[in-house]
Amino acid sequence: MSQSSSSPNPFISASGAKPTCMQMLQFMLDNEVTSEQKEYFKNHMDGCMPCFKTYQLDMAIKELLKNKCCGGDAPSELVDQIRSQIAQKIS
Amino acid sequence: MIEESPRQHYTDREKEEIFNKEFLPHINSMYNFGYRLTLDRDDAKDLVQDTYLKAYRFIESFQKGTNAKAWLFRILKNSFINDYRKKSKEPNKVDYQEVETYYNSEEVDRQITPDLRVEALKDMIGDEISNALNALDVDFRTVIILCDLEGFKYEEMAKILDIPIGTVRSRLHRARQLLKEKLSDYAKSMGYKNADV
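In this report, the structure presented in the accompanying data block is examined. (Residues numbered from 1 in each chain as written. Chains lettered and ligands numbered in written order. Predicted model: local features only at pLDDT ≥ 70, side-chain atom pairs only at ≥ 80, totals over all residues. Heavy atoms only, no water.)

This part is about the overall build of chain B. When helices and strands are tallied, chain B shows eleven helices and zero strands. Going residue by residue from the N terminus, the α and β elements of chain B occur as α-α-α-α-α-α-α-α-α-α-α. In chain B, buried positions account for 52% of the 197 residues. By sequence separation, contacts in chain B at least 24 residues apart represent 76% of the contacts at least 6 residues apart. Of the roughly 9700 Å² that chain B leaves accessible, carbon and sulfur atoms contribute 47%. (Helix = DSSP H or I, 4+ residues; strand = E, 2+ residues; numbered from the N terminus. Buried < 20%, exposed > 50% of the residue type's maximum accessible area, 1.4 Å probe, protein only. Contact = heavy atoms within 4.5 Å. Areas by Shrake-Rupley, 256 points an atom, 1.4 Å probe, with all protein chains shown as cover.)

Before going further, it helps to spend a moment on empty space enclosed by the protein. Counting across every chain of the model gives three cavities of 30 Å³ or more. Size it by volume and the largest cavity reaches roughly 140 Å³. Lining of the largest cavity is provided by eleven residues; of these, M22 and D58 of chain A together with H173, Q177 and K180 of chain B occupy positions nearest its centre. The set of elements that each furnish at least two residues to the lining of the largest cavity consists of α2 (21-29) and α4 (49-69) of chain A together with α11 (165-189) of chain B. Classifying every residue of the lining of the largest cavity by side-chain character gives four nonpolar, four polar and three charged. (1 Å grid on protein atoms, 1.4 Å probe; cavity = no way out; pocket = protein on both sides within 12 Å on 5 of 7 lines; lining within 4 Å. Points joined across faces, edges and corners; volume = space filled by probe spheres on them. Nonpolar A, V, L, I, M, F, W, Y, C, P; charged D, E, K, R; others polar.)

On to the packing of helix α9 (residues 138-149) of chain B against helix α10 (residues 154-161) of chain B. Residue and element names in this part refer to chain B. Orientation of α9 relative to α10, taken along the N-to-C sense of each, is 140 degrees, at an axis distance of 10 Å. Here α10 runs oblique to α9, going by the angle between their axes. Seen from above, α9 lies across α10 with right-handed handedness. Touching T142, V143, L146 and C147 of α9 are M157, I160 and L161, all from α10. For the contact of α9 with α10, the per-class residue count stands at six nonpolar, one polar and no charged. (Axes fitted to C-alpha atoms, helices over the stretch in contact; angles between N-to-C directions. Parallel < 35°, antiparallel > 145°, perpendicular 65-115°, else oblique. Left-handed = near helix turned anticlockwise from the far one by under 90°.)

Below, the discussion takes up the packing of aromatic side chains. All names here are of chain B. According to the stated counting rule, one finds twelve aromatic pairs over all chains in the structure shown. Taking 5.1 Å as the distance between ring centres and 45 degrees as the angle between the ring planes, the aromatic pair formed by F62 and W71 counts as tilted. The buried category is assigned to F62, whose relative accessible area is 2%. Judged by relative accessible area, which is 1%, W71 ranks as buried. Through successive ring pairs, a cluster of aromatic residues spans F19, F23, Y52, Y56, F62 and W71. Positioned above the aromatic ring of Y35 is the side chain of R41, whose terminal nitrogen or guanidinium carbon lies 3.9 Å from the ring centre. If you follow K69 out to its NZ or CZ, it ends over the ring of F152, 5.1 Å from the centre. (Phe/Tyr/Trp six-rings, centres within 6.5 Å; stacked < 30°, edge-to-face > 60°. Lys NZ or Arg CZ within 6 Å of the ring centre and 35° of its normal.)

Here we take up the interface of chain B and chain A. On the side of chain A, 39 residues touch chain B, which itself brings 44 residues to the contact. A combined buried area of about 3900 Å² lies between chain B and chain A, and 65% of that area is made up of carbon and sulfur atoms. If you look at where chain B meets chain A, you find four salt bridges. Inspection of the region where chain B meets chain A yields twelve residue pairs in polar contact (both at pLDDT 80 or more). The set of elements that each furnish at least two residues to the side of chain B that touches chain A consists of α1 (12-23), α2 (27-38), α3 (41-57), α6 (107-110), α7 (118-122), α8 (128-134), α9 and α11 of chain B. Looking at the side of chain B that touches chain A, the element that brings in the most residues is α11 of chain B, giving seven residues. Counted by class, the side of chain B that touches chain A contains 26 nonpolar, eight polar and ten charged residues. (Buried area = accessible area lost by both parts, 1.4 Å probe. Salt bridge = Lys/Arg side-chain N within 4 Å of Asp/Glu carboxyl O. Polar contact = N/O pair within 3.5 Å; in protein donor to acceptor, adjacent residues only side chain to side chain.)

What follows concerns the pattern of salt bridges. Counting across every chain of the model gives twelve salt bridges over all chains. A salt bridge links R74 of chain B to D162 of chain B; the shortest N-O distance between them is 2.8 Å. With R74 of chain B in helix α4 (residues 68-85) and D162 of chain B in the loop between α10 and α11, the pair connects residues that are 88 residues apart, well separated along the chain. Residue class for R74 of chain B comes out buried when judged on its relative accessible area of 13%. Judged by relative accessible area, D162 of chain B falls into the partly exposed class, the value being 47%. With its nearest N and O atoms 3.5 Å apart, the salt bridge here joins D162 of chain B to K77 of chain B. You can see D162 of chain B sitting in the loop between α10 and α11 and its partner K77 of chain B sitting in helix α4, a full 85 residues away along the chain. A relative accessible area of 7% means that K77 of chain B is categorised as buried. Taken together, the salt bridges that share partners define one network made up of D30 and K62 of chain A together with D148 and R176 of chain B.

Quick look at the structure:
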């Protein structure tokens, strides 16, 4: 891509290893990126269809997981049970 | 425990305050974690209760104001392994060596295009994703919960799970592949005939 000639890939690790698309994707997905890396990847996606499609899909799955698999409340009596158990242990 | 901080000394009032302000606010996340691990609401309650009792008992190894959530998650995970996993039959231990090799191989990038489409996900308005997650092997399920549901960073996950960061990453990668395979099956059953092109 044109960007790679102008600026070095900020994903290149200390060992000098060039990251694969999949590795960059995962860092993006897990939000383990610097703003510089994020910018680089966004540019990269413009020219890399597999990355673009996979990123869209993976983010959609992540969103779905968040919406569907959490947010439920613990049973209301649980806190009281914990408190009374601790009170027993202390006394 | 998680940061190996020196033993603290707290008055009863301080303990109470830490417990109320730093530990209890995480109870819903803890319960969800417990439920996703045990897949049973009663077991989840017991597990969360055990975890909070342990957290209180070892409160002086927790440094006030540090990462209580990660500390609590680590206790819960350990309780699960020690107390629950032994009881249940879970013979299919994952071969992580294989996972690592897989992750580092050149083959991976070639199958980067998944056989699943964003449009298919939009129709998964029921329990499909939850069932798909629950069907994963517990070690794979765990990393998805910690990362995607709870937003822990690699470093925190490594501490919670007592595994190197590289293993966190490879396990996450594999977990996501497996999850996609399951979601792709759902998509096909919902009539997305060209789910796998």
